[in-house]
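Structural features, examined
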Protein chains: 2
Amino acid sequence: MVLMQQARDSSTFNPMKLTVIIYENETMVRSRRAAFHRVEHALGLRDNMQLPHIYSGLDREGLYLEGVRRARVITSDMITHGHNHFQWLNERYQICNSSPFGMNFLMFRRTIELQGTAEQRRYWLQEVDQMRINGAYAQTELGHGTFVRGIETTATFDVDTGTFTIHSPTPTSVKYWPGGLGFSCSHAIVAARLITHGKDRGVHMFIVQIRSLDDFAPVYGVELGDVGMKMAYNGTCNGYARFHHLRVPRSSLLAAHAQVLRDGTYCQAQTKTGALPLSKRVYSTMLDTRRNIVRCVAFGLAQAATIAARYSIVREQGQLMFSDAAEGETAIVMFKSQHYRLLTLIAQSYAILFAAKDFDVKYDQLVCEQENDDHARLPFMHALSTGLKAWATTIASTGATEARKMCGGHGFVALSGLPEIEATVSATVTFEGENYVMWQQLVVYLFKQVKALCAGQNVDVEVKDYMGGVRTYINDETPASSAQGGDKANLFDGATLLLIYRERSQRLLASAYSAYRDMCGLSSAAEAWNACMMSNLSAAQAFVEYMVLESFLKWSSSSSAPGTPESQALSHLFSLFALTTITSPSLSFAAGSFLEHGLLTPDQLNGIRVHINELLACLLPDIAALTDAWDFTDSSLCSALGCKDGNVYERLLSWTRQLPANSGRAVERAWEASEGIEEFFKASRL
Amino acid sequence: MVLMQQARDSSTFNPMKLTVIIYENETMVRSRRAAFHRVEHALGLRDNMQLPHIYSGLDREGLYLEGVRRARVITSDMITHGHNHFQWLNERYQICNSSPFGMNFLMFRRTIELQGTAEQRRYWLQEVDQMRINGAYAQTELGHGTFVRGIETTATFDVDTGTFTIHSPTPTSVKYWPGGLGFSCSHAIVAARLITHGKDRGVHMFIVQIRSLDDFAPVYGVELGDVGMKMAYNGTCNGYARFHHLRVPRSSLLAAHAQVLRDGTYCQAQTKTGALPLSKRVYSTMLDTRRNIVRCVAFGLAQAATIAARYSIVREQGQLMFSDAAEGETAIVMFKSQHYRLLTLIAQSYAILFAAKDFDVKYDQLVCEQENDDHARLPFMHALSTGLKAWATTIASTGATEARKMCGGHGFVALSGLPEIEATVSATVTFEGENYVMWQQLVVYLFKQVKALCAGQNVDVEVKDYMGGVRTYINDETPASSAQGGDKANLFDGATLLLIYRERSQRLLASAYSAYRDMCGLSSAAEAWNACMMSNLSAAQAFVEYMVLESFLKWSSSSSAPGTPESQALSHLFSLFALTTITSPSLSFAAGSFLEHGLLTPDQLNGIRVHINELLACLLPDIAALTDAWDFTDSSLCSALGCKDGNVYERLLSWTRQLPANSGRAVERAWEASEGIEEFFKASRL
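On a predicted model such as this, the values are computed, not experimentally measured, just so you know.

Some points on the relation of the copies chain B and chain A
Rotating chain B by 180 degrees and translating it 0.0 Å along the rotation axis places it on chain A, where the RMSD comes to 0.0 Å. Such a combination of turn and shift is consistent with a two-fold rotation axis. Taken as a fraction of all interface residues of chain B, those also at the interface in chain A reach 100%, which identifies the copy contact as same-surface.

Here it is in structure tokens:
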């Protein structure tokens, strides 16, 4: 605790300066703090020496019930106090999917808003808002994930009764994974193939009641259940649903864009502009979800980094190699490897955050344009969102794992809070668009733009300059690299680094595109795409890293007054991020690519390694401040290692002694079938 | 299941050919199979459509009791049938630490053997062997891990009574983490500071009874408990022990090397050779433990890869980009990214296995030499074991995570078996020597050898040639790289690749050593070491990668008859491992280092990328055979996604429906406090 105080005293800036940047403004910081205080008080989580209930060795049911208890409190708090602090992230900074009520507002309500008729919206939205129903979003099936066209559930219209029959024809068609579906939802949006007059009209959305509102038992014709324990998200009931010829009224079809008339006639709605507004609005929704995921994983990584930082500050373990044996032990934060890993992760958490903030600004602008029916920037924004989502979730997931490993054995114990954080972040690489699919969507966009430029056609304004550079490299004009700018002193300048990242990404894109184009001459486009996959992924990674670096540079230099200590710290973090991404990439599709084409000479690379050490030294005094700035409450970290006071050992021991398993029953039960130690060992009494 | 059959039919070799290599010989394969069959039968695990008990949503106590049940069966089987198949790896291929009886033979018994007097050995070893006691190895404390000198527990000798008093003076001195300590062990080896006549004699080992053999209650003066849920290993009770002035007899001190006489006199034993046999024997024990860990993680990674491979073969999801929309979905193994990731992991699992086998040969030789009092090779072997342990566990842990992520949402569910495998492997980066400490021990050895060579002194014979190369690069003679050998056609030859790895590692070592030596002129050795840490780690990584490649080359070319299909497949795996480690390293201390010093030209790098694609195509038909070869039973994988028959969906659905949580009670309990849906949402009734 003395060490923790020393670490705080060494800070060059007041962490509140960054807190205000992270949460937008002071009002928001205050309002969030008040909400956390109320909620943690209501849940009985304010005493950080008391074992959190979640760690008391709960079984599947216990974990779910604790999830319901928490979700009720945060939902009530949002209603009572009129805020949305817990809409995307709950009281533990877990993404909304972790709550049994989390899908209701985001996916369920939003789909009705987007695809319901005026009448449907009028009826259902108020049902949601007044919390008379809790809805799931049931799209994923046992055999069908990202590829929506593969969905098998059917909704067959019966002209005689004027109803749809929802049915799961095969095991693979069983809905599997939707959040809240297992135990918590009364209704669900069900994605199903619409069949009218024997004809398959493709996948449509239906709103279906799945449980009785009287006793919450499943409706006849629906089998519901939980998918069991998961690596995380056990406070909710990701579930399965098997439909057995369930009849639902004709009004169940969300019909803003396609209707089935009473006689079974299928008709698609005419739109005023004719500009496919549904798909555009669906795209916008996906953008909104993805930008929120990017922001959420910044907090997830920051949580893991905060715990690892605090633990590293107070954990004294071993000595530097070749130290005087008589000296005492050293705090592990002083070991260069730990110091390096910690600050790399901290820098990455800020990089993701600023990338999310920068995307938000662009997104708000897009929303304005779309209200004026201008959708020109949608393709670029969609592509960027896929790349950012894939990049940020990969970096955050790898980083959270690294943070946990940095805490050694203690990090492996549930009480450290790290296993849960790591697993929570880890899920994001899959959901809302599997990352390898996401990367490819970005590449498809980039290739399209290169192709257009090469054919003398229009190119999106956001990438016009950039693509000009790409064309140069495609045409084998291969100029000597302009990025490094010759001058070594300039190498660490933000603009120079950005130029290097830009040229590297342009060259990788040019080379991936050329390879693909050449391959297309030899095989089908699909085969060519597959053959070139790994270089395509490299191009996507490098493009996103360039965009992220640009956002980081912009925000680190503009969000605080120049020359202030916090601005200096952000600038060092920016440089550390830029340089460590070169020397020890967390994502390695494009490993080594900074060393090709003379982008960086071996001498410069050595210079980078030296400069990284200088940056690490500059940032060491601010490790506590840079993590304190995220303003996590002790309860939200839920970690015996990561509380703000640094009182690691007494808390870990105290929590351990409070574990119900230590009441002695487990030993008795293990022992009771035995007549002595030999029987205890042996199976004879099984 | 049709797809799975097709995948097997496409194999170029009979997987049994590799099974025999993996498990040494046919007799061993048969004996193992019989043991697994008996054990799985006794445990009721032979029906792979039945939900494994472990997944039934057990609480902390339930998981432990299931662990005891399984440990009893495998222990009985080993005794009854006289084998040791489950000594290091249990019936699920988890490392021995995962069993409540796992430490008894390995750590507890071995320490007595090593440090007990003849009389102590006579008494205690038969107690262990006849299973009259179950022992823990209690060294780690809440505040003290790898650094043994920091241990705080005291054992104070009292001349009046002739007893030791074992005491935990501080919270940080509480024993924390030892396997089996929580509920399962009757005795423990306790590492404590010996104090005689008020003088601290340093850390010694004591054998202490901690539970009554009548009712298994903790002995008076010892507080025992479990550390709670962990990411894995929940079948055992990693525990804590707090000693409160516990009196134990003078005979508790393991006294082969140091004794306390009745009057409190402390005396160290004289040895015949005077060659510090204890430390050498302790070193040998650590070597033995580490080589077993290296082997164990090969199996852990192979398990994860097997599940991911089988799932990828039968999971049809989406289409190749630019495919004809009318075509059906594609098995995900066909997507180049999945295909690449899978085979990279499979190649890594074989690389680790062959590195372990190669080390075993050297180890057996060392044991022979040591019996003749020749310990000359111990420093090299110790250094190599630290590096191999750090490298193999890092690669396996990262790889198991990757395999789990490759299975998307289904991989995140406990029923997939992957979360447990991933977490089991992940722990190995910490235990038996934290990896960052391990890497450094290797570097200390390497630096010592370079220094000796530069000073014209003797160098260990194992590294003599190698160090000659290092000296060349230190002396700035910087010859143009000899490794690439100019001829592009030769690049993919095993010997050429090995030369490239060798030169890269020599150059990194030369450069790390020079930097450290220069820095030593400016600061203390400890500070210099810390300043140069990251380049030291790079040198260690590259050295191990060179050694592993050498082992892989040797074993892949010698373990099966040349020209046979299985030999061809191993050779392709070797090349794939060598080349993907260059293009997308899983471990990135030394990222990009293959591109410095002209080791590889950009053209050669492009050639490598093309060749990787060719290798992937060659190996695709053998994905099932290469994973089937590990001969995992369905029950040992414990995975709804990874059973041999490929019947993924029916099994996943069937297991899900069998989950006890789906009996309906959870919903009732969540609902019962509510009077309706609005109450269900809100906290008012809490």
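Resuming the write-up.
A word on the UniProt feature "domain: Acyl-coenzyme A oxidase N-terminal" (unreviewed entry) in chain A
Taken from the UniProt record, the annotation "domain: Acyl-coenzyme A oxidase N-terminal" (unreviewed entry) applies to residues 14–133 of chain A. Helix makes up 61% of residues 14–133 of chain A and strand 0%, and the two end C-alpha atoms of the span are 45 Å apart.

Some details on the pattern of salt bridges
Residues and elements named next belong to chain A. The full count for this structure, using the stated rule, is 64 salt bridges over all chains. Across the salt bridge formed by Glu 91 and Arg 70, the nearest N and O atoms sit 2.8 Å from each other. Highlighted residues: Glu 91 in the loop between helix H4 (60–81) and helix H5 (102–115) and Arg 70 in helix H4, separated in sequence by 21 residues. What makes Arg 70 buried here is its relative accessible area of 5%. Ionic pairing is found between Asp 358 and Lys 554, a salt bridge with its closest N-O pair at 3.1 Å. Pair noted here: Asp 358 is in helix H8 (residues 336–371) and Lys 554 is in helix H16 (residues 533–558), with a separation of 196 residues, a long-range link. Since its relative accessible area comes to 4%, Asp 358 is described here as buried. Put simply, Glu 66, Arg 69, Arg 70 and Glu 91 are held in one network by salt bridges that share partners.

Here's the deal with the sheet that holds strand E8 (residues 239–243) of chain A
Taken in spatial order, the 3 strands of this open sheet run E4-E8-E7 (chain A), and their pairing is antiparallel. The open sheet has two free edges, formed respectively by strand E4 (175–176) and strand E7 (222–226) of chain A, since each of these has just one partner strand. Across 5 bridges, the pairing between E7 of chain A and E8 of chain A is antiparallel. Opposite Gly 225 of chain A, over in E8 of chain A, you have Tyr 240 of chain A as the bridge partner. Strands in contact with helix H21 (residues 648–658) of chain B are E4, E7 and E8 of chain A; relative to E8 of chain A, the strand with the most contacts, it is inclined by about 105 degrees.

Re the side chain of Thr 165 of chain B
Residues and elements named next belong to chain B. As for its placement among the helices and strands, Thr 165 is situated in strand E3 (residues 163–167). Given the relative accessible area of 13%, Thr 165 is considered buried. Here Thr 165 is in contact with Thr 154, Ala 155, Thr 156, His 245, Leu 246 and Arg 247, once residues within four sequence places are set aside.

Focus on a negative patch on the surface
A cluster of acidic residues, Asp 214 and Asp 215 of chain A together with Glu 668 and Glu 672 of chain B, forms a negative patch on the protein surface. Looking at the element boundaries, Asp 215 of chain A is found in the loop between strand E6 (199–209) and E7.

A word on the sheet that holds strand E7 (residues 222–226) of chain B
One open sheet accounts for 3 strands, arranged E4-E8-E7 (chain B); its pairing is antiparallel. The sheet terminates laterally at strand E4 (175–176) and E7 of chain B, the two strands that pair on one side only. Sitting on the sheet, helix H21 (residues 648–657) of chain A touches E4, E7 and strand E8 (239–243) of chain B, and the angle it makes with E8 of chain B is about 105 degrees.

Structural notes on the interface of chain B and chain A
In this complex, chain B contributes 141 residues to the contact, which on the side of chain A involves 141 residues. When chain B packs against chain A, the two sides together hide about 12000 Å² of surface, and 64% of this comes from carbon and sulfur. Of all residues in chain B, Arg 72, Phe 412 and Phe 681 of chain B bury the most surface against chain A, accounting for 7% of the area lost on that side. Notably, a salt bridge pairs Glu 596 of chain A with Arg 609 of chain B, separated by 3.2 Å at the nearest N-O pair. On inspection of chain B and its partner chain A, the count reaches 40 residue pairs in polar contact (both at pLDDT 80 or more). Per-element tally for the side of chain B that touches chain A: the top contributor is helix H4 (residues 60–81) of chain B, with 11 residues. Considered class by class, the residues forming the side of chain B that touches chain A number 69 nonpolar, 39 polar and 33 charged.

Let's talk about the pairing of strand E9 (residues 246–249) of chain B
All names here are of chain B. A one-sided burial pattern is seen for E9, the buried positions being Leu 246 and Val 248 and the unburied ones Arg 247 and Pro 249. Of the pairings in the sheet, the one linking E3 to E9 comprises 4 bridges and is antiparallel in character. Bridge assignment links Phe 164 to a residue of E9, and that residue is Val 248.

With respect to the nonpolar core
Residues Tyr 350 and Trp 391 of chain A together with Tyr 350 and Trp 391 of chain B are the most contacted members of the largest nonpolar core, which totals 392 residues. Apart from the residues within four sequence positions on either side, Tyr 350 of chain A is in contact with Leu 18, Ile 22, Phe 552, Leu 570, Leu 573, Leu 626, Ala 629 and Trp 630 of chain A.

Digging into unusual backbone geometry
When glycine is set aside, most residues are seen to have a negative phi, and most peptide bonds are trans. Although it is not a glycine, Phe 322 of chain A adopts a positive phi angle of roughly 70 degrees. Look at His 245 of chain B: it is not a glycine, yet its phi comes out positive at around 45 degrees. Assignment of secondary structure puts His 245 of chain B in the loop between E8 and E9.

What to know about the domain arrangement of chain A
How big an interface is tends to be expressed through the accessible area that disappears when the partners come together. Here chain A is partitioned into domain 1 (1–51 + 280–428), domain 2 (101–269) and domain 3 (456–620). Between domain 2 of chain A and domain 3 of chain A, the C-alpha centre-to-centre distance is 44 Å.

Quick look at the confidence of the model for chain A
Looking at chain A, pLDDT values average 92 and 95% of them are 70 or higher. Interface confidence for the predicted complex, expressed as ipTM, amounts to 0.96; the pTM equals 0.96.

Details of helix H6 (residues 118–129) of chain B
All names here are of chain B. In this model H6 runs 16 Å from its N-terminal to its C-terminal C-alpha over 12 residues, within 8% of the 16 Å that 1.5 Å per residue would give. Of the residues making up H6, those classed as buried are Gln 120, Trp 124, Leu 125, Glu 127 and Val 128. All buried residues of H6 fall inside an arc of 155 degrees around its axis, so they share one side. Across H6 from its buried face, at more than 90 degrees, point the exposed residues Glu 119 and Arg 122.

Notes on the packing of aromatic side chains
All names here are of chain B. Tallied over the entire structure, the rule returns 68 aromatic pairs over all chains. When the centroid spacing of 5.6 Å and the interplanar angle of 45 degrees are considered together, the rings of Phe 354 and Phe 552 count as tilted. Taken together, the residues Phe 354 in helix H8 (residues 336–371) and Phe 552 in helix H16 (residues 533–558) connect sequence positions 198 residues apart. Of the two residues, Phe 354 and Phe 552, neither departs from the other in class, the shared state being buried. An angle of 10 degrees between the planes, with centres 6.3 Å apart, marks the rings of Trp 630 and Phe 632 as stacked. This pair shows no difference in class: Trp 630 is buried, exactly as Phe 632 is.

Focus on helix H13 (residues 464–474) of chain B
Given 3.6 residues to a turn, an α-helix orients residues that are three or four positions apart in the same direction. Residues and elements named next belong to chain B. Of the residues making up H13, those classed as buried are Tyr 466, Met 467, Gly 469, Val 470, Tyr 473 and Ile 474. Each buried residue of H13 lies within a common arc of 150 degrees when the element is viewed along its axis, so the set occupies one face. As for H13, its buried residues are in contact with helix H12 (435–454), helix H14 (494–520) and H16.

Concerning the packing of helix H17 (residues 565–583) of chain B against helix H18 (residues 602–619) of chain B
All names here are of chain B. Relative orientation of the contacting elements H17 and H18 amounts to 145 degrees, with a least axis distance of 10 Å. Two packed elements cross with a definite hand, and for H17 against H18 that hand is left-handed. Across the interface between the two elements, Ala 569, His 572, Leu 573, Ser 575, Leu 576, Leu 579, Thr 580, Ile 582 and Thr 583 from H17 touch Leu 605, Ile 608, Arg 609, His 611, Ile 612, Leu 615, Leu 616, Cys 618 and Leu 619 from H18. Among the residues making up the contact of H17 with H18, the classes are represented as 12 nonpolar, 5 polar and 1 charged.

Brief notes about the pairing of strand E5 (residues 187–196) of chain A
Residue and element names in this part refer to chain A. Extensive coverage of E5 is indicated by the burial of 10 of its 10 residues. Here 4 bridges tie strand E1 (residues 135–138) to E5, and the two strands are oriented parallel to one another. For Ala 138, the partnering residue across the bridge sits in E5 and is Val 190. Where strand E2 (residues 154–158) and E5 come together, 3 bridges link them in parallel fashion. Looking at the pairing, Ala 155 lines up with Leu 194 of E5. Of the pairings in the sheet, the one linking E5 to E6 comprises 9 bridges and is antiparallel in character. Across the sheet, the residue bridging to Arg 193 is Val 203, located in E6. Hairpin connection between E5 and E6: a loop of 2 residues separates the two successive antiparallel strands, and His 197 in this loop has a positive phi of roughly 50 degrees.

What to know about the environment of Ala 136 of chain A
All names here are of chain A. Turning to its location among the elements, Ala 136 is positioned in strand E1. Separated by 50 residues in the primary sequence, Ala 136 and Ser 186 have C-alpha atoms spaced 8.1 Å apart. In this view, Ala 136 contacts Phe 108, Gly 179, Leu 181, Cys 185, His 187, Ala 188 and Ile 189; residues no more than four positions away in its chain are not counted.

As for the state of the cysteines
Residue and element names in this part refer to chain B. Going through the model one piece at a time under the given rule, you end up with 0 disulfides over all chains. With no disulfide partner, Cys 96 has as its closest neighbouring cysteine sulfur the one in Cys 296, 6.8 Å distant. Given the relative accessible area of 5%, Cys 96 is considered buried. Lacking any disulfide linkage, Cys 185 is separated from the closest cysteine sulfur, that of Cys 237, by 6.6 Å.

Thresholds applied
Residues numbered from 1 in each chain as written. Chains lettered and ligands numbered in written order. Predicted model: local features only at pLDDT ≥ 70, side-chain atom pairs only at ≥ 80, totals over all residues. Heavy atoms only, no water. Least-squares fit on C-alpha atoms with pLDDT ≥ 70 in both. Contact = heavy atoms within 4.5 Å. UniProt positions renumbered as here; feature names shortened; annotations may be inferred. Helix = DSSP H or I, 4+ residues; strand = E, 2+ residues; numbered from the N terminus. Salt bridge = Lys/Arg side-chain N within 4 Å of Asp/Glu carboxyl O. Buried < 20%, exposed > 50% of the residue type's maximum accessible area, 1.4 Å probe, protein only. Pairing = 2+ DSSP bridges. Axes fitted to C-alpha atoms, helices over the stretch in contact; angles between N-to-C directions. Patch = residues over 30% accessible without salt bridge, like charges linked within 9 Å, V, L, I, M, F, W, Y side chains within 5 Å. Areas by Shrake-Rupley, 256 points an atom, 1.4 Å probe, with all protein chains shown as cover. Lys, Arg positive; Asp, Glu negative; His and termini not counted. Charge placed at Lys NZ, Arg CZ, Asp CG, Glu CD. Buried area = accessible area lost by both parts, 1.4 Å probe. Polar contact = N/O pair within 3.5 Å; in protein donor to acceptor, adjacent residues only side chain to side chain. Nonpolar A, V, L, I, M, F, W, Y, C, P; charged D, E, K, R; others polar. Core = buried A, V, L, I, M, F, W, Y, C linked by side-chain atoms within 4.5 Å. Domains from an automatic or database assignment. pLDDT = per-residue confidence, 0-100. Expected span 1.5 Å × (residues − 1). Arc of directions from axis to C-beta. Phe/Tyr/Trp six-rings, centres within 6.5 Å; stacked < 30°, edge-to-face > 60°. Left-handed = near helix turned anticlockwise from the far one by under 90°. Disulfide = S-S within 2.5 Å.

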